Amino acid sequence: MSKELIRLRNLCMVYDDEPVLNDINLYINDKEFLTLLGPSGCGKTTTLRIIGGFATPTSGDVLFDGVRINDVPPYQRQINTVFQKYALFPHLNVYENIAFGLRMQKRPDPSDPTGRKKVKIPEEEIHQRVMEMLEVISLKGFEHRKPDALSGGQQQRVAIARALVNRPKVLLLDEPLGALDLKLRKDMQIELKRIQQQVGITFIYVTHDQEEALTMSDTIVVMDKGSIQQIGTPEDIYNEPKNAFVADFIGESNIIDGIMVRDKLVQMYGRQFPCLDGGFDENEPVDVVIRPEDIDIVPVEQGQLVGTVTNVTFKGMQYDIIVDFRGFKWLIQTTDHSPVGARIGIKIDPDGIHVMKKSKYSGMFGDYSSFSEEYDELDDASLAPDEEESGDEE
Amino acid sequence: MNKNNSFLNRLFMVLVFVFLYAPIFLLIIFSFNAGNSNTVWKGFSLDWYQKLLRDRLIIQSVYTTLLVSLLSTAIATVAGTFAAIGFYAMRRKVREPLMTVNNIPMMNADIVTGVSLCLLFVAFFNGWGTFAAWFNSLGLFRLPTRLTMGFGTLLIAHITFNIPYVILSVGPKLRQMDKNLVDAAMDLGCTWMQAFWKVILPEIKPGIVSGALTAFTMSIDDFVISYFTAGSSASTLAMTIYGMTKKRVTPEINAISTLLFVTVLILLAIVNIREARQERLREKRLV
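## Remarks on helix H3 (residues 56–89) of chain B
Each full turn of the α-helix corresponds to 3.6 residues, which orients residues three or four apart in the same direction.
So, step 1. The end-to-end C-alpha separation of H3 of chain B is 49 Å, in line with the 50 Å expected for 34 residues at 1.5 Å each.
So, step 2. Capping the start of H3 of chain B is the job of one residue whose side-chain oxygen sits 3.0 Å from the backbone nitrogen of leucine 57 of chain B: aspartate 55 of chain B.

## Some words on the confidence of the model for chain A
Residue and element names in this part refer to chain A.
So, step 1. Mean pLDDT over chain A stands at 85; residues scoring 70 or higher make up 93%.
So, step 2. The weakest mean pLDDT in chain A belongs to helix H9 (residues 371–383) at 46; the strongest belongs to strand E3 (residues 33–37) at 94.
So, step 3. Contacts from residues 373–394, a stretch scored under 50 in pLDDT, to residues over four places away or in other chains number 42 contacts.

## Brief notes about the pairing of strand E13 (residues 254–262) of chain A
Residue and element names in this part refer to chain A.
So, step 1. Of the strand pairs in this sheet, E13 and strand E16 (residues 284–290) are connected by seven bridges, and their pairing is antiparallel. The residue of E16 that forms the bridge with isoleucine 256 is valine 288.
So, step 2. Summarising the sheet, E13 and strand E14 (residues 265–268) pair through three bridges and their orientation is antiparallel. Of the residues in E14, the one forming a bridge with isoleucine 259 is glutamine 267.

## Brief notes about the pattern of salt bridges
All names here are of chain A.
So, step 1. Scanning the model with the defined rule gives 25 salt bridges over all chains in all.
So, step 2. A salt bridge links arginine 68 to aspartate 71; its shortest N-O distance comes to 3.6 Å.
So, step 3. For arginine 68, a relative accessible area of 45% translates into the label partly exposed.

## With respect to the interface of chain A and chain B
So, step 1. Chain A puts 27 residues into the contact, and the matching count from chain B is 24 residues.
So, step 2. Carbon and sulfur atoms supply 58% of the area buried between chain A and chain B, which totals about 2400 Å² over both sides.
So, step 3. Joining chain A to chain B, the criterion identifies two salt bridges.
So, step 4. Aspartate 183 of chain B is the partner of arginine 49 of chain A in a salt bridge, and the nearest nitrogen-oxygen pair spans 3.1 Å.
So, step 5. Linking chain A with chain B are six residue pairs in polar contact (both at pLDDT 80 or more), by the criterion used here.
So, step 6. In terms of residue class, the side of chain A that touches chain B is made up of twelve nonpolar, seven polar and eight charged.

## Quick word on the sheet that holds strand E19 (residues 319–325) of chain A
Picture the strands of a sheet paired through backbone hydrogen bonds; they go either parallel or antiparallel.
Residues and elements named next belong to chain A.
So, step 1. Reading across from one edge, E17-E21-E18-E19-E20 is the order of the five strands in this open sheet, with antiparallel pairing throughout. The strands lining the two open edges of the sheet, one partner per strand, are strand E17 (295–298) and strand E20 (328–334). Averaged over all pairs of adjacent strands, the angle between strand axes in this sheet comes to 45°, irrespective of strand direction.
So, step 2. Bridge count for strand E18 (residues 305–314) against strand E21 (residues 343–348) is four bridges, and the pairing is antiparallel. Bridge pairing in E21 places glycine 307 opposite isoleucine 344.

## Looking at the sheet that holds E3 of chain A
Residues and elements named next belong to chain A.
So, step 1. The strand order E6-E9-E10-E3-E11-E12 describes an open sheet built from six strands, whose pairing is mixed. Strand pairing shows two members of the sheet lacking a second neighbour, strand E6 (79–82) and strand E12 (227–232), which therefore form its edges. The mean inter-strand angle of the sheet, taken between neighbouring strand axes irrespective of direction, is 20°.
So, step 2. As paired elements, E3 and strand E10 (residues 202–207) share five bridges and run parallel to each other. In the strand pairing of E10, leucine 36 is matched with valine 206.
So, step 3. Against the sheet, helix H4 (residues 152–164) touches E6 and strand E9 (170–174), its axis set at about 175° to E6.

## Overview of the packing of helix H2 (residues 94–104) of chain A against helix H3 (residues 123–136) of chain A
All names here are of chain A.
So, step 1. Relative to each other, H2 and H3 sit at 125°, their axes nearing to 10 Å. By the angle between their directions, the pair H2 and H3 is classed as oblique. The chirality of how H2 crosses H3 is right-handed. Only Glu123, Ile126, His127, Arg129, Val130, Met131, Met133 and Leu134 of H3 make contact with H2, whose side of the interface consists of Val94, Tyr95, Ile98, Ala99, Leu102 and Arg103.
So, step 2. Across the contact of H2 with H3, the residue classes tally to ten nonpolar, one polar and three charged.

## With respect to unusual backbone geometry
All names here are of chain A.
So, step 1. Even without being glycine, asparagine 10 reaches a positive phi, approximately 50°.
So, step 2. Checked against the element boundaries, asparagine 10 lands in strand E1 (residues 4–15).
So, step 3. Despite not being glycine, arginine 167 has its phi angle at roughly 50°, a positive value.
So, step 4. Mapped onto the elements, arginine 167 comes out in the loop between H4 and E9.

## A short note on the packing of aromatic side chains
Note on aromatic pairs: each is described by the distance of the centres and the angle between the planes.
So, step 1. If you walk through the whole model with that rule in mind, you get 27 aromatic pairs over all chains.
So, step 2. Between phenylalanine 33 of chain A and phenylalanine 203 of chain A the ring centres are 5.6 Å apart and the planes differ by 40°, which places this aromatic pair in the tilted class. Taken together, the residues phenylalanine 33 of chain A in strand E3 and phenylalanine 203 of chain A in strand E10 connect sequence positions 170 residues apart. Neither residue differs from the other here; phenylalanine 33 of chain A and phenylalanine 203 of chain A are each classed as buried.
So, step 3. Pairwise contacts between aromatic rings join Phe124, Phe125, Trp128, Phe131, Trp134, Phe135 and Phe141 of chain B into one cluster.
So, step 4. Lying over the aromatic face of tyrosine 238 of chain A, arginine 291 of chain A brings its terminal NZ or CZ to 4.0 Å of the ring centre.

## What about helix H2 (residues 47–54) of chain B?
Residues and elements named next belong to chain B.
So, step 1. Taken as a whole, H2 has its buried residues at Trp48, Tyr49 and Leu52. Buried residues of H2 fall within an arc of 100° about the axis and therefore sit on the same side. When the buried face of H2 is taken as reference, the exposed residues oriented beyond 90 degrees from it are Leu53 and Arg54.

## Some remarks on the nonpolar core
So, step 1. Within the largest apolar cluster, 38 residues are counted, with the highest numbers of intra-cluster contacts made by Ile98, Val130, Leu134, Val158, Leu171, Leu192 and Phe203 of chain A.
So, step 2. Residue contacts for valine 158 of chain A: discarding those within four places in its chain leaves Leu88, Val94, Asn97, Ile98, Ile137, Leu139 and Leu150 of chain A.
So, step 3. Core analysis: the second largest hydrophobic core is formed by 31 residues, Ala87 of chain A together with Ala185, Leu201 and Ile204 of chain B among them.

Conventions used here
- Residues numbered from 1 in each chain as written.
- Chains lettered and ligands numbered in written order.
- Predicted model: local features only at pLDDT ≥ 70, side-chain atom pairs only at ≥ 80, totals over all residues.
- Heavy atoms only, no water.
- Helix = DSSP H or I, 4+ residues; strand = E, 2+ residues; numbered from the N terminus.
- Expected span 1.5 Å × (residues − 1).
- Polar contact = N/O pair within 3.5 Å; in protein donor to acceptor, adjacent residues only side chain to side chain.
- pLDDT = per-residue confidence, 0-100.
- Contact = heavy atoms within 4.5 Å.
- Pairing = 2+ DSSP bridges.
- Salt bridge = Lys/Arg side-chain N within 4 Å of Asp/Glu carboxyl O.
- Buried < 20%, exposed > 50% of the residue type's maximum accessible area, 1.4 Å probe, protein only.
- Buried area = accessible area lost by both parts, 1.4 Å probe.
- Nonpolar A, V, L, I, M, F, W, Y, C, P; charged D, E, K, R; others polar.
- Axes fitted to C-alpha atoms, helices over the stretch in contact; angles between N-to-C directions.
- Parallel < 35°, antiparallel > 145°, perpendicular 65-115°, else oblique.
- Left-handed = near helix turned anticlockwise from the far one by under 90°.
- Phe/Tyr/Trp six-rings, centres within 6.5 Å; stacked < 30°, edge-to-face > 60°.
- Lys NZ or Arg CZ within 6 Å of the ring centre and 35° of its normal.
- Arc of directions from axis to C-beta.
- Core = buried A, V, L, I, M, F, W, Y, C linked by side-chain atoms within 4.5 Å.

Structure (structure tokens):
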């Protein structure tokens, strides 16, 4: 699990004088499930295409097993890709689609002692490996179907089988679940994770869906505007976001201006709150992240802060309520109902407070004044196909 | 819409069709006329068709026409397909002006294309004469000093006006293709050329066939451009018919024109049926 397989060193990419990637540095371990996560246009697909060999970085190196592979064409890399919208060959049936890569392969002839003669993979072996893959993706009996006679989820699985049958060391997946409906997407997330564990290879996964990333990944790389914002495990990213962008992109966050009075004590709204963070200068201005589920509603007289409820949405498991604290609106998730207009107090435990250094993202996120729009935007983002970095397509 | 109006509508449509097709209809009928007349019906016969088959001039020009059409179609199809792929790979800013340039020859009056090609050939032959004279003076081996227009120039002219039709018919197929297909093929071990044969070609084949059929049709019934580029040694069927009409429009011309008309009609029907069927297939795929 700890052996390094791929390293990106000072990777930069410029398209039409527009910087797409800025100094990307990243290493990826063998058998790791790594997710590149970010909004449209953040450079995640470009990074994936560079690893796959479909794009050449403007500067910087791609190392595979310690060897520089910048100039190695895609067909010579031990990497296979599952493309957005699958890119199955429409004129070939399921069997031939999966067998495609094997038919292209040549390997040293075992009967030739010099090892220089190359032979194709024998038909029996191709058949056996294709059938094996059909088993893995539970599509036995579909060999003779054409791709357009399959559902989206089935096409998806054929695309995965077509890549995996070549036994690559790394599988790249470019928003593979983007075209599926919500229910199927959830099933496929589990399915993908299962396949990854079964075949035991590295998966590099690109998505803009934070929930997908949290569910499946060993490591998440959060990207924005061509730069890496944070690298970490799902828990790290969620609990210890590095800046306001990451805090806002992963889950819901209230982000409040604060001042770090001293270690383990932060001041917001002129009041001091005990917290667990340290390592800041005395009285350094900071961003404070408070997750909506870490806030307890208490009677007004016991509250650390007192605000007015301005909006209540029933979400099934909990209520999403918007509370106005002196003009700054917070999102609070609670199981207790509070009516609109009610004055409530809140209490935040020290471990519910996360303090971040100020960044260029400070002040851009974390206010729920435009609550309903923000929710709409999130829904749209998960449905819209990601058209980023597609060059100049129509 | 009232009844009166709809009657007028229909009448208008009938008139349009009469004006469009009556001459051709007349021509076809009189090609089966027993007599020598183009105005008086004297009974049914196939005499004129039999006479055609014995006319060496006509047989020769049918042969020329078929040869130039087949060759120019084959060459234009290959060149046009690769040109279309080149266009497809270009950035839009470059591609769109170039596509306009590609479309102009199709809109351009045939006579302008014909005359300009003719001028080009003449200019080239002049230059060639000077070059060949100089080269021969070196004494390595002899080049012909005098080139004239003939089958070669006719073929080049046909290739020239056929290429845009192929590009126009292959281009949309490329754009309909999933842009990741080539990447996918290369990801699975293909070089670009292998990806072209194994993935691109099967995808755009319908467009290539339609383009080739259109080009062939254009070649077979072209008169104006051929007239200016064939010189005196080669003559296509359309040119021969034109030459025959200089004397007198005989029923033999009716017969050969009928055959030409039917050939082109069949080709166009094939092109259209293919396109309609692909459209249906594509809709099915989208559903």
